[in-house]
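Structure assessment
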Amino acid sequence: MDFTGGEIYQSSFDPKAYLASFCSLGSGRDDILTFRLKKCFQTFGPGGLKGEVLVDIGTGPSIYHLLSACESFPHIIATDFTDRNRQELERWLRREPGTFDWSEIVKTVCDLEGDSRDNWVEKENKLRSRIKKVQKCDVTESNPLGPSVIPLADCMITALCLETACSDIDEYCRSLKNITTLLKPGGHLVLIGVLGDSFYRVGEKSFFCLPLDEQTVRNAVIDAGYSIKDMELFDIPDQTSSSHITDSYANIFLVAQKK
Ligand SMILES: C[S@@+](CC[C@H](N)C(=O)[O-])C[C@H]1O[C@@H](n2cnc3c(N)ncnc32)[C@H](O)[C@@H]1O
């Protein structure tokens with residue numbers, strides 16, 4: 001399908017429809033979400049990455065990938081291109097009624113962390129208190145956060161953003177280099193992505209996704225100046241059950257250190 005750039009995200013990306021299709025446990029995608037949550041716990045849990053500032057690139061309206069990170073990074077900066085996504089996240093931060101119900105995902109992370117599920121509200125509030133800023137970002141710009149100045153990050157996470165924001169592999173590699181300027185030397189990149197995906201459907205609208213394979217992602221990360229520390233693939237067991245909303249065959253979870 002044709003590339004869907006920034007204007008289409010601004011006019012047509014519906015954050016509530018996205019969360020309902022891609023971030024709900026019980027919607028047929030539990031194994032994929034659970035893989036990501038487990039890897040995040042393994043990466044940020046005891047003995048894992050730690051520091052002061054974590055920047056999340058292309059947060060969208062989502063928080064699942066920050067639930068473990070908020071235990072080891074007290075200062076989290078969320079970013080996204082699309083105004084409505086940042087507004088939806090800000091509504092959740094303000095606990096406004098009608099925002100997405102993350103409780104089952106938060107309880108799953110409590111399980112992973114060995115905490116009681118009854119403490120899910122405290123866990124959610126901890127993450128809220130650690131997200132210090134939500135700001136505009138465009139990964140295709142050489143300075144993705146524009147004129148605003150943030151401290152260089154100890155860690156950068158990005159989930160399913162670069163492959164949706166970039167029209168071809170060259171732009172993917174350039175955008176990865178752009179966001180890498182926000183990270184300290186020696187800092188870590190945590191990249192969550194989808195492989196083989198050419199589209200994803202949000203409500204009535206389909207969005208472009210750049211089909212990637214493992215080697216292309218590895219090469220891009222190495223070319224952007226990182227050494228890879230961990231990489232795991234999750235093969236999607238039943239692709240047909242999600243074929244109306246996406247066509248990816250696997251998820252990739254990669255941790256790398258900036259040289
Ligand atoms: C598939 S969603 C992923 C959201 C979230 N990270 C997650 O894992 O659920 C892709 C996100 O990339 C954002 N995006 C698209 N183009 C972008 C760009 N040029 N710069 C930064 N973010 C962009 C969209 O607004 C959207 O929130």
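In case you missed it, the structure is sitting above this.
Before going into details, it helps to say that this report is about the structure given with it. (Residues numbered from 1 in each chain as written. Predicted model: local features only at pLDDT ≥ 70, side-chain atom pairs only at ≥ 80, totals over all residues.)

This brings us to the sheet that holds strand β1 (residues 53-57). Reading across from one edge, β3-β2-β1-β4-β5-β9-β8 is the order of the seven strands in this open sheet, with mixed pairing throughout. A single partner strand is all that each edge strand has here, and the edge strands are β3 (131-136) and β8 (226-235). Between one strand and the next, the sheet's axes are offset by a mean angle of 15 degrees, whatever the strand orientation. (Pairing = 2+ DSSP bridges. Helix = DSSP H or I, 4+ residues; strand = E, 2+ residues; numbered from the N terminus. Axes fitted to C-alpha atoms, helices over the stretch in contact; angles between N-to-C directions.)

Our focus in this paragraph is the site of the ligand. Taken together, 21 residues lie near the ligand, and G60, S62, T82, A159 and A165 sit nearest. For the shell around the ligand, the secondary structure elements donating two or more residues are α1 (6-12) and α7 (162-165). (Near = placed C-beta within 6 Å.)

In this structure, R95 is a non-glycine residue whose phi angle is positive, near 60 degrees. Of note, R95 is situated in the loop between α4 (83-93) and α5 (103-112). Backbone geometry at L160 places phi at a positive 55 degrees, although glycine is not the residue there. As for its position among the elements, L160 is in the loop between β4 (153-159) and α7. Here L160 falls in the buried class, since 22 other C-beta atoms lie within 10 Å of it. (Buried ≥ 20, exposed ≤ 12 C-beta atoms within 10 Å, placed from the backbone.)

So, about helix α9 (residues 214-223). Listed as buried for α9 are V217, A220 and V221. Viewed end-on, α9 has its buried residues packed into an arc of 95 degrees, placing them on one side of the element. Facing away from the buried side of α9 by more than 90 degrees, the exposed set consists of Q215 and D223. Tucked into the core, α9 has its buried residues touching α8 (169-180), β5 (183-195), β8 and β9 (250-258). Phi turns positive one or two residues past the end of α9, at G225, with a value near 100 degrees. (Arc of directions from axis to C-beta. Contact = placed C-beta atoms within 7 Å.)

Here β4 runs beside β5; their pairing, made up of six bridges, is parallel. Across the sheet, the residue bridging to T158 is L191, located in β5. Both β5 and β9 contribute to a ladder of eight bridges, which runs antiparallel. Bridge pairing in β9 places H188 opposite Q257.

This part takes up the pairing of strand β6 (residues 199-202). Side chains of β6 alternate between two faces, with Y200 and V202 buried and F199 and R201 left unburied. Sheet topology note: the β6/strand β7 (residues 205-208) ladder contains four bridges and is antiparallel. Residue pairing across strands places R201 opposite S206, the latter belonging to β7. Hairpin remark: β6 followed by β7, antiparallel, with two residues in the connecting loop; positive phi at G203, about 60 degrees.

Bringing the packing of α5 against helix α6 (residues 120-130) into the picture now. Running from amino to carboxyl end, α5 crosses α6 at an angle of 95 degrees, the nearest separation of the two axes being 9 Å. Classed by the angle they form, the pair α5 and α6 counts as roughly perpendicular. Mapping the contact onto sequence places S103, V106, K107, V109 and C110 in α5 and W120, K123 and E124 in α6. (Parallel < 35°, antiparallel > 145°, perpendicular 65-115°, else oblique.)

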